[in-house]
Amino acid sequence: RCSLAGGIRAPRVAIARSRSRERAAAEEMAATRGGAPEWRFFQVFGEEQPDGAGVEDIQEADLLSALDFDETGNYLATGDRGGRIVVFERATPDEQQLTPDDQRPCPAAALRAKEKAQYRFLTEFQSHEPEFDFLKSLEIEEKINSMRWCKGTMGCKMLLSTNDKTIKLWKVYGKKIKTVSNMNIEPRNGCAGGPAAVMRGRGLRLPLMATCERVVTATPKRTFANAHAYHINSVALCSDGESFLSCDDLRLNLWNLRDAKCCFNIVDVKPANMEALSKVLTSADFHPIDCHTFLYSSSRGCVRLGDMRAAALCDASAKSFEEPEDPATKSFFSEITSSIASARFSRDGRNIVTRDYLSVRIWDVRVETRPLKTIAMHEHLRPKLCDLYEKDCIFDKFECCFNHNATHVLTGSYQNRFHLLSADGSTPDLALEASQTPYRRASAPPLYSAADLPPDFSRRVLHTAFHPQHNVAAIAATSTLYIMNGT
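Asker: Honestly, the nonpolar core in this entry has me stumped. Any pointers?
Answerer: Of all hydrophobic cores here, the largest spans 16 residues; its most connected members are Leu 245, Leu 252, Ile 266, Val 267, Phe 286, Phe 294 and Tyr 296. Among the secondary structure elements, those contributing two or more residues to this core are strand S15 (243–248), strand S16 (251–256), strand S17 (259–268), strand S18 (281–286) and strand S19 (293–298). Per-element tally for this core: the top contributor is S18, with three residues. Excluding its chain neighbours within four sequence positions, the residues that come into contact with Phe 286 are Ala 236, Leu 237, Cys 238, Phe 244, Leu 245, Leu 254, Cys 291, Thr 293, Phe 294, Met 308 and Phe 345.

Asker: Can you help me understand the side chain of Thr 480 in this one?
Answerer: Relative to the assigned elements, Thr 480 resides in strand S32 (residues 480–486). In this structure Thr 480 comes out as buried when scored by relative accessible area, which is 1%. Engagement of the side chain of Thr 480 in a polar contact is seen with the backbone oxygen of Glu 47, the distance being 2.7 Å. Excluding its chain neighbours within four sequence positions, the residues that come into contact with Thr 480 are Val 44, Phe 45, Gly 46, Glu 47, Glu 48, Leu 64 and Ile 475.

Asker: Looking at this model, I keep getting lost on the sheet that holds S32. Mind explaining?
Answerer: The pairing of strands in a sheet happens through backbone hydrogen bonds and is either parallel or antiparallel. The strand order across the open sheet built from four strands is S1-S32-S31-S30, with neighbouring strands paired in antiparallel fashion. The sheet is open, and its two edges are formed by strand S1 (39–45) and strand S30 (461–466), each paired on a single side. With strand direction ignored, the average angle separating the axes of adjacent strands in the sheet is 25°. By the bridge criterion, six bridges tie S1 to S32 in an arrangement that is antiparallel. Counted as the bridge partner of Val 44 is Tyr 482 from S32.

Asker: For this particular structure, what's the right way to read the packing of aromatic side chains?
Answerer: Given two aromatic rings, one states the distance between the centres and the angle between the planes to describe the pair. The full count for this structure, using the stated rule, is 19 aromatic pairs. Where Phe 132 meets Phe 134, the ring centres are 5.1 Å apart and the plane angle is 70°; that geometry is what we call edge-to-face. The class for Phe 132 is partly exposed, based on a relative accessible area of 38%. Centre to centre, the rings of Phe 286 and Phe 294 are 6.5 Å apart; their planes meet at 75°, and the pair counts as edge-to-face. Accessibility expressed as a relative area gives 2% for Phe 286, which makes it buried. Residue class for Phe 294 comes out buried when judged on its relative accessible area of 0%. One aromatic cluster in this structure is built from Phe 332, Phe 333, Tyr 389 and Phe 395. A cation sits over an aromatic face here: Lys 171 above Tyr 173, 5.0 Å from the ring centre.

Asker: Is there a simple way to explain the pairing of strand S2 (residues 64–69) in this structure?
Answerer: In summary, the side chains of a regular strand alternate between the two faces of the sheet. Most of S2 is tucked away: six of the six residues are buried. Of the strand pairs in this sheet, S2 and strand S3 (residues 75–80) are connected by five bridges, and their pairing is antiparallel. Paired with Leu 64 across the strands is Asp 80, a residue of S3. Count of turn residues in the S2/S3 antiparallel hairpin: five residues, of which Gly 73 carries a positive phi of about 80°.

Asker: How do you make sense of the pattern of salt bridges when you look at a structure like this?
Answerer: Working definition: two side chains of opposite charge can pair if their charged atoms are close together. A full pass over the atoms with the stated rule returns 15 salt bridges. Note that Arg 40 and Glu 38 form a salt bridge whose closest N and O atoms lie 3.5 Å from each other. What makes Glu 38 partly exposed here is its relative accessible area of 39%. Across the pair Glu 89 and Arg 120 runs a salt bridge whose closest N-O atoms are separated by 3.4 Å. Of this pair, Glu 89 sits in strand S4 (residues 84–90) while Arg 120 sits in strand S5 (residues 119–126), placing them 31 residues apart in sequence. The exposure class of Arg 120 is partly exposed, given its relative accessible area of 42%.

Asker: How should I be thinking about the sheet that holds strand S25 (residues 373–376) in this particular structure?
Answerer: Pairing in this open sheet of four strands is antiparallel, and the strands run S22-S23-S24-S25 from one edge to the other. Strand pairing shows two members of the sheet lacking a second neighbour, strand S22 (342–345) and S25, which therefore form its edges. Across the sheet, the axes of successive neighbouring strands diverge by a mean angle of 15°, strand direction being ignored. Sheet analysis places strand S24 (residues 359–364) next to S25, joined by four bridges and oriented antiparallel. Bridged to Ser 359 within S25 is Ala 376.

Asker: Got a minute to help me understand unusual backbone geometry in this structure?
Answerer: The bulk of non-glycine residues show a negative phi, and the bulk of peptide bonds are trans. You will see that Gln 415, though not glycine, has its phi angle at about 60°, which is positive. Topologically, Gln 415 is positioned in the loop between strand S27 (408–412) and strand S28 (417–422). On the basis of relative accessibility, which here comes to 15%, the residue Gln 415 falls in the buried class. The phi angle at Thr 478 is positive, at roughly 55°, despite the residue not being glycine. Within the secondary structure, Thr 478 is located in the loop between strand S31 (472–477) and S32.

About the criteria used
- Residues numbered from 1 in each chain as written.
- Predicted model: local features only at pLDDT ≥ 70, side-chain atom pairs only at ≥ 80, totals over all residues.
- Heavy atoms only, no water.
- Core = buried A, V, L, I, M, F, W, Y, C linked by side-chain atoms within 4.5 Å.
- Buried < 20%, exposed > 50% of the residue type's maximum accessible area, 1.4 Å probe, protein only.
- Helix = DSSP H or I, 4+ residues; strand = E, 2+ residues; numbered from the N terminus.
- Contact = heavy atoms within 4.5 Å.
- Polar contact = N/O pair within 3.5 Å; in protein donor to acceptor, adjacent residues only side chain to side chain.
- Pairing = 2+ DSSP bridges.
- Axes fitted to C-alpha atoms, helices over the stretch in contact; angles between N-to-C directions.
- Phe/Tyr/Trp six-rings, centres within 6.5 Å; stacked < 30°, edge-to-face > 60°.
- Lys NZ or Arg CZ within 6 Å of the ring centre and 35° of its normal.
- Salt bridge = Lys/Arg side-chain N within 4 Å of Asp/Glu carboxyl O.

Structure representation (structure tokens):
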């Protein structure tokens, strides 16, 4: 069996043992380090913008709109507003080029060598095209709203991607390009030699098909369409690897990856009278271990936990996580700023992180009354919410996620900054710049005061992703992808 890069796949037992050695090595390195990792610039894909430059010179189709690592972290996919998906592959370090200290008998040294392996471009394909709904006279953008890697087979990788209306399952695999060789008639001076050329030879030769090159391509396997009347904002893969959730503004649907003809509605918040609409759904995520548990967030600042074992329609949630707003800070824009843009489980399923415009909250799934930690993000912008509303910046949706061991939370901000927040408070929070010198503007709260707002809020980090096993973070800053490494 050939993998995506054309190599031989290791047995599953060997892979499991290798991953356990890597986790043990990571814990050993963290213990010897005794503190927070030092984040450094690792790689950049795309043109880096100079200081003070806006996004006027960048085409809107090139702006990144989605990021996702696969379960191994060896593949990274990015989606943009032009409906394109770019896949990167992490190069495997050649053991023959390693020093004796970096060989496999020392797990920590082998892990360090693997963390130095860089990502490289693998393939690019057009996932969605612009469409037009003639019944509603509505244009459907090709923008990629969400992506999730699925479990592949036979060395192939599977990727879910969605725009506002249509979800597609893509198969990414290595393809051999073959040509005919060992021909009887060889061309001479632009023309064939004719039958006489064959007679002068030693006899007829059987033509052969030879592989001239290997390319990586993507083909659509299934299209999940005509199930959402409203804009899809997220998709989430189930831990069983066979089903996934798709969330739009008012409904949450459950699909099977093998059946694109039908789905099951498990959450419906659409009122009988649309004039009574008070909230919309903003994101959804599956529990990483329990295939029957999921969460979904709303524009009212509430996260609800659903259990599909309790009922077919999970409108009555099993748990609800919501922090009452402080009356002292309530304003005209509170309903907008309290809308949750992103809600994600930690990899062990014990914690939930949510992000709204002004704060990040970390919850324990066993405690509904209050969050474990609340971190103010844009508190310095609170006096200028009216100006941000006029510029539509108050509607920006910043994503958040846990790292592999749920000790840190990653989220974005303005001025191409991203925040690395300590989940347990054991290490200080960091605010770094997405650039080749991330510590140039390192300071945990604002780089500017409310009285001196930056003139351009278009340079922002909306989408971030953590490597599932190591301290590697992917940052989408407008049209540029930065990869940061924590050592």
